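Breakdown of the fold
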Amino acid sequence: MGYSNNNIILIFLCITNLLRFIIGSSSSGDFIECLTVQLESSNSATDDLIYTPSNNSYASLLIAQNLRPGSTSPYNKPLIIFTPFYDYQIQSAIYCSKKLRIQIRVRSGGHDYEGLSHTSRDNPFVVVDMRNLRQISIDAEQKTAWVEVGATLGQLYHTLAQKSGTLAFTAGVCPTVGIGGHLSGGGYGMMSRRHSIAADHITDARIMNVDGQILDRRSMGEDLFWAIRGGGGTSFGIVIAFKVNLITVPETVTVFNVTKTYEQNATQLVHRWQYIADKVDENLLMRVFLRSVRSLTTGKRTVIASFTTLYLGGVEDLMPIMKVKFPELGLVEKDCTKMSWIQSVLFFAYIPNQPLNVLLNRTTPFTVYFKGKSDYVTEPIPVDGLIGIWRFLHEEDENMAEIQFSPYGGAINSFSESETPFPHRTGNIFMIDYGLSWDSPGNEEAEKHLNWMRRIYGYMAAYVSKSPRGAYFNYRDLDLGVNNYSSGNIIGSYDEAKVWGMKYFKNNFERLVRVKTKVDPSNFFRNEQSIPPFPLQPMYSS
Ligand code: FDA
């Protein structure tokens, strides 16, 4: 009696899965044992710190706005989620991770576009979730703040609003995004034309290095301090807190959100917008959101362009600017609303008129399967190029694909390309964020939408930056390339990483590799798109 090929494959898969289960559960047990011993030796209670899949809270701790990475292969979920309350407790996780050769992932807000803070292609791994390290202390007189990485942008904005009506911080729009990933990777928001990105305002940091030491700006040195202001924290250590300079905003600001359909000349308006978006008064940031919807009047699909805008000043100053620079939009005073800066935060987060406490929520009820990508535009896209984009938008279900045009210029250009690892400065008119959501699970469904994303990205090559084609690190995209750690090689390849590294960081990639080689030559802190160290040079004896 012989076995068919199918049966042999089935038996092989069963054995592999059994081995994985045995190795996985023993690794988990070993790690918990090691962690418990370490924590107890530092007099830490271990309650509410360690979560395994058998724990009721494990799944809810792991939940992220983007369901795709955890639900499609080849990603794995963590053996353990470790949620330290004190910075010294993180040392225990680093110690055990090294001892047991189990990889660490660090998570602050969990918004990574590819889920790299809580999923991994490497098995097994543990997550150090920084959610309990979220203290914020503000020095209103000096206009500075120390912000622990587990705080969210919403918590920071809320804390500032409690302190003063005019102290603010320049960072992203989504309140549930975490400080740790956002600030270390850049941080673009509605005030970026006036005040640049979040990373440009970091003046100090506390980071735990591969030896478990806590370093500040002075002890880490300027190279490492440079690297974690746009090069991502994850390649270099575990960032515990950032010190930032705050900004002052007017007591009232002006917002508007004017939407035009294709039939109302949206194409010409978006085309015209490209000639002024990065050049107007830097207090004015007009973002364009493009979607395909069903028209309420005709019942047919149409493209809409929403000009979503913040002006750091009064409507009486805004109207003359708009009349001179963008009369085609036909903005009238009644389109505009005056409000405090903190109310504008709620407005742009699509939660207007809610109590401010809503900013303290760490999650939103809207979880979706999501894929994002980014591009930079240095020459206006011609009208027929825009019409091609509209065709792509119509291919997906209504409202599910959204393309954002986010203007650059202004204060973003007051930094040179190499001042921080974030290189997208002078010469960029706007950044594109391609976003696509769907609501059914499974690899087949995902592949259908990922294919749309790759096709539109291919189509856009003619219209965006080249050599390298730029990408925004905080809109992480594993299609650009991944580190290959196969065959026990955990160092990765400089040449492979350079492909995506140049897109995110341009020539800063080289310096990031040098910093990495200095602070973490064995590549302890790594993920699918972390900065690799240069390989160790062989030693020759003469
Ligand atoms: P998460 O915890 O997933 O971490 C992201 C990466 O940073 C991971 O690689 C992680 O390991 C690493 N990391 C996190 N904490 C660390 C730490 N303490 N030390 C070392 N490494 C650490 N961006 C933008 O510029 N403007 C915007 O308006 C928005 N809006 C937005 C909305 C939504 C819904 C999403 C999903 C994302 C955005 N973003 C954004 C992108 C966002 O800035 C980016 O995903 C950040 O990396 C998210 O940081 P989190 O800490 O939330 O993510």
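Presented here is an overview of the structure given in this document. (Residues numbered from 1 in each chain as written. Predicted model: local features only at pLDDT ≥ 70, side-chain atom pairs only at ≥ 80, totals over all residues. Heavy atoms only, no water.)

Moving on, we get to helix α5 (residues 153-163). Working note: α-helix, 3.6 residues per turn, so residues spaced by three or four point in the same direction. Those residues of α5 lying buried are L153, G154, Q155, L156, Y157, H158 and L160. Buried-residue contacts for α5 involve β5 (136-139), β6 (144-148), β7 (167-168), α6 (179-185) and α11 (341-348). (Buried < 20%, exposed > 50% of the residue type's maximum accessible area, 1.4 Å probe, protein only. Helix = DSSP H or I, 4+ residues; strand = E, 2+ residues; numbered from the N terminus. Contact = heavy atoms within 4.5 Å.)

Time to look at the state of the cysteines. Applying the stated criterion across every chain yields a total of one disulfide. Put simply, C34 and C96 are joined by a disulfide, and their sulfur atoms are 2.1 Å apart. Disulfide C34-C96: torsion about the S-S bond near -90°, hence left-handed. Here C34 is found in helix α1 (residues 5-41), whereas its partner C96 is found in helix α4 (residues 87-100), with 62 residues between them in sequence. (Disulfide = S-S within 2.5 Å.)

Time to look at the packing of α5 against α11. Two elements in contact, α5 and α11, have axes whose closest approach is 10 Å; the angle formed by their N-to-C orientations is 155°. Considering the angle they form, α5 stands roughly antiparallel to α11. Relative to α11, the crossing made by α5 is left-handed. Two secondary-structure elements touch here, α5 through Y157, H158 and A161 and α11 through W341, I342 and V345. Here the residues of the contact of α5 with α11 are counted per class, giving five nonpolar, one polar and no charged. (Axes fitted to C-alpha atoms, helices over the stretch in contact; angles between N-to-C directions. Parallel < 35°, antiparallel > 145°, perpendicular 65-115°, else oblique. Left-handed = near helix turned anticlockwise from the far one by under 90°. Nonpolar A, V, L, I, M, F, W, Y, C, P; charged D, E, K, R; others polar.)

Moving on, we get to unusual backbone geometry. In the segment running from S467 into P468, the intervening peptide bond is cis, with an omega of 0°. The topology assignment puts P468 in the loop between α13 (443-460) and α14 (494-505). Notably, K143 is not glycine yet its phi reads approximately 55°, a positive angle. With respect to the secondary-structure elements, K143 resides in the loop between β5 and β6. Unlike most non-glycine residues, N265 shows phi in positive territory, near 80°.

Right, let's get into the packing of α14 against helix α15 (residues 508-519). In the contact formed by α14 and α15, the axes pass within 8 Å of each other and the chain directions differ by 125°. As judged from the angle between their axes, α14 and α15 are oblique. Between α14 and α15 lies a crossing of right-handed hand. Within the contact between the two elements, α14 uses Y494, A497, K498, G501, M502 and F505 and α15 uses N508, F509, E510, L512 and V513. Of the residues in the contact of α14 with α15, the class split is seven nonpolar, two polar and two charged.

We now examine the environment of A93. If you trace the backbone, A93 turns up in helix α4. Separated by 54 residues in sequence, A93 and L39 place their C-alpha atoms 9.1 Å apart. Ignoring anything within four residues of it in the chain, the contact list for A93 reads F31, L35, F82, I104 and V128.

Before going further, it helps to spend a moment on the nonpolar core. Ranked by internal contacts, the top residues of the largest apolar core, which has 151 residues, are F242, F256, F307 and F405. Every residue in contact with F405, bar those within four places of it in the chain, is listed here: V270, W273, R287, V288, L290, I381, L386, I389, F430, M431 and I432. (Core = buried A, V, L, I, M, F, W, Y, C linked by side-chain atoms within 4.5 Å.)

Turning next to the sheet that holds β6. One open sheet holds the five strands; their spatial order is β5-β6-β10-β8-β9, and the pairing between them is antiparallel. A single partner strand is all that each edge strand has here, and the edge strands are β5 and β9 (214-215). Strands β8 (202-208), β9 and β10 (238-245) of the sheet are contacted by α4, whose axis makes an angle of about 50° with β8. The sheet strands contacting helix α8 (residues 217-227) are β8 and β9, and the helix crosses β8 at an angle near 105°. (Pairing = 2+ DSSP bridges.)

An ideal rise of 1.5 Å per residue puts 16 Å on 12 residues; α14 reaches only 14 Å between its terminal C-alpha atoms. Among all positions of α14, only Y494, A497, W500, G501, K503, Y504 and F505 are buried. The elements touched by buried residues of α14 are α15. Its side-chain oxygen placed 3.3 Å from the backbone nitrogen of D495, S493 serves as the N-cap of α14. Once α14 finishes, K506 follows within two positions and takes phi at roughly 50°, a positive value. (Expected span 1.5 Å × (residues − 1). Polar contact = N/O pair within 3.5 Å; in protein donor to acceptor, adjacent residues only side chain to side chain.)

On to the environment of K503. Tracing the sequence through the fold places K503 in helix α14. Along the backbone, K503 and S235 are 268 residues apart, and their C-alpha atoms lie at a distance of 17 Å. With residues near it in sequence (within four places) discarded, K503 still touches H424, P468, R469, G470, A471 and L480.

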